[in-house]
Amino acid sequence: MSEIVIENVSKTYNTKDGRIHALKQVNLSVETGDIYGIIGMSGAGKSTLVRCMNFLEVPSEGRVLIRGKSLGDYSEKELRKQREQIGMIFQHFNLLMQKTVVENVCFPLYIQGKSKKEARERAEELLDVVGLKDRANAYPAQLSGGQKQRVAIARALASDPRILLCDEATSALDPQTTASILDLLKEINKNFGITIVIITHQMSVVRKICSHVAIMSDGEVVEQGLVTDIFTHP
Ligand code: ADP
Ligand code: ADP
C-alpha cells in the first residue's frame, strides 16, 4: 500500500524578489515500510516537499495523499490527529533546552492528554529503545550531538507515528555518529514497521540505509527508483 503519494505537486512562493518555484509538478510514492531517500543540493526543494507531506505547507497545485486520503478530506480536528501519525526530526534536534531528556519525550504525550505517570512510563520505554535510559534526567546541553538526536527520535516516536520524516537529521553529526543514528533508524523501521523518509544532501546516507531514492534538482524530481538500480550503474 502507498503510505505517501505526491501527485503533481507544485509549490510557488511569492517573495518581494518575485516568484520562487520551489516544486514543479512533483510525483512520487512512498510504499509502506520503505526507507525513502530524497537527495539533492541545497535549494532543490527537499524541505518544501517534506513539509507538504507533513501538512505544514499547502501545495499551490496537486495533492498529497497519506494512505489514500488527501489533506483536503480532513476536518481541522482530524488533521491534528493525522499529524500525530507523522513524526519529524531535524538537523538541529529542536529539543527544549530548559527541560530534561525525559521531559522532552513526555512533552508530546502530555499534549495527547496522557497523565504524568503514563507519560513518564512511556517516555522511559522510548529512551530504552534509543539507548538513552541512563540519561533520562540529564539536560540536552549535557549530551553529545548523537545523543541529542536519539532524544529527538524518542520524542518523535512518542505519538506512535506510522511515518518518520528526517530533515538532514545526520548533517550536523560526524561520520561515526551518523552511522549509529542510521542503524537506529533502520532498527525502528524494521521493528515497528515505521515508514521513513530521509532528506539528505549526502549520497553516503542514501547508500547506507535507503531502499528507494528520489533525486531532486531545481524543484523537480529528475530520477527515482530503487537505490540498487539508480546507484549501481557506472
Ligand atoms: P532544500 O530543502 O532542497 O534546500 P527548500 O525546499 O528549502 O530546498 O527550498 C527550495 C526553494 O524554495 C529555495 O529557493 C528556497 O529559497 C525557497 N523557499 C523555501 N521556503 C521558502 C519560503 N518559506 N518562502 C520563500 N521561499 C522559500
Ligand atoms: P533548509 O534548506 O535546510 O530547509 P533553509 O535555511 O533553506 O533550510 O530554510 C530555513 C527556513 O527558512 C525554512 O522554514 C524555509 O521555509 C525558510 N526559507 C528558506 N528560503 C527562504 C526564502 N527565500 N524566503 C523566505 N523564507 C525562506
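Above this text you will find the structure in question.
Rules of the game
Residues numbered from 1 in each chain as written. Chains lettered and ligands numbered in written order. Predicted model: local features only at pLDDT ≥ 70, side-chain atom pairs only at ≥ 80, totals over all residues. Heavy atoms only, no water. Helix = DSSP H or I, 4+ residues; strand = E, 2+ residues; numbered from the N terminus. Rg over C-alpha atoms; globule rule 2.2 N^0.38 Å. Contact = heavy atoms within 4.5 Å. Lys, Arg positive; Asp, Glu negative; His and termini not counted. Charge placed at Lys NZ, Arg CZ, Asp CG, Glu CD. Polar contact = N/O pair within 3.5 Å; in protein donor to acceptor, adjacent residues only side chain to side chain. Pairing = 2+ DSSP bridges. Patch = residues over 30% accessible without salt bridge, like charges linked within 9 Å, V, L, I, M, F, W, Y side chains within 5 Å. Areas by Shrake-Rupley, 256 points an atom, 1.4 Å probe, with all protein chains shown as cover. Salt bridge = Lys/Arg side-chain N within 4 Å of Asp/Glu carboxyl O. Buried < 20%, exposed > 50% of the residue type's maximum accessible area, 1.4 Å probe, protein only. Near = heavy atom within 4 Å. Nonpolar A, V, L, I, M, F, W, Y, C, P; charged D, E, K, R; others polar.

Asks: Would you mind going over the overall build of the protein chain in detail, with residue names and values included?
Replies: From N to C terminus, the protein chain includes 8 helices and 10 strands. The C-alpha radius of gyration computed for the protein chain amounts to 18 Å, which stays within 12% of the reference 17 Å derived for 234 residues, consistent with globular compactness. Sequence-distant contacts, at least 24 apart, represent 69% of the contacts inside the protein chain between residues at least 6 apart. Taking the average place of the 29 positive charges on the side chains of the protein chain and the average place of its 28 negative ones, the gap between the two points comes to 5 Å.

Asks: I'd like a description of the environment of asparagine 104, backed by residues and values.
Replies: Mapped onto the secondary structure, asparagine 104 falls in helix α3 (residues 101–111). Residue contacts for asparagine 104: discarding those within four places in its chain leaves Leu95, Leu96, Lys99, Pro140, Val151 and Arg155. A polar contact of 3.2 Å, which involves the side chain of asparagine 104, links it to the backbone oxygen of lysine 99.

Asks: Give me the lowdown on the pairing of strand β1 (residues 2–15), citing residues and values where you can.
Replies: The pairing of β1 with strand β2 (residues 18–31) spans 10 bridges and is antiparallel. Paired with isoleucine 6 across the strands is leucine 28, a residue of β2. Hairpin connection of β1 to β2: 2 residues between the antiparallel strands. Two strands pair when backbone bridges link them, and β1 and strand β4 (residues 61–66) are joined in this way by 5 bridges, in the antiparallel orientation. From the neighbouring strand, glutamate 7 faces β4, where its bridge partner is arginine 63.

Asks: Account for the sheet that holds β2, naming residues and giving values.
Replies: Where strands meet in a sheet, backbone hydrogen bonds hold them as pairs that are either parallel or antiparallel. Strand order in the open sheet made by the 4 strands is β2-β1-β4-β5, with antiparallel pairing throughout. Only two strands of the sheet have a single neighbouring strand rather than two, namely β2 and β5 (69–70).

Asks: Account for a nonpolar patch on the surface, with residues named and values stated.
Replies: A cluster of nonpolar side chains, contributed by Leu96, Phe107 and Ile111, occupies part of the molecular surface with about 280 Å² of accessible area. Checked against the element boundaries, leucine 96 lands in the loop between β6 (86–90) and α3.

Asks: Please give an account of α3 that cites residues and values.
Replies: Most of α3 sits inside the fold, with 8 of its 11 residues counted as buried. All of the buried residues along α3 are Val101, Val102, Glu103, Asn104, Val105, Cys106, Pro108 and Leu109. Where α3 is buried, its residues meet α4 (116–129) and α5 (145–157). Where α3 ends, the next residue or the one after it, glycine 113, has phi of about 90°, a positive value.

Asks: Just give me the short version of the site of ligand 1, but keep the residues and values in it.
Replies: For ligand 1, the set of nearby residues contains 13 residues, the closest of which are Gly43, Gly45, Lys46, Ser47 and Thr48. Measuring from a nitrogen atom of ligand 1, one finds a side-chain N or O atom of tyrosine 13 at 3.5 Å. Bound to the protein, ligand 1 loses 65% of the 560 Å² it would expose on its own. Breaking the shell around ligand 1 down by element, the ones donating at least two residues are β1, β2 and α1 (46–53). Element by element, the count of residues in the shell around ligand 1 is highest for α1, at 4 residues. Looking at the shell around ligand 1, its residues break down into 5 nonpolar, 6 polar and 2 charged.

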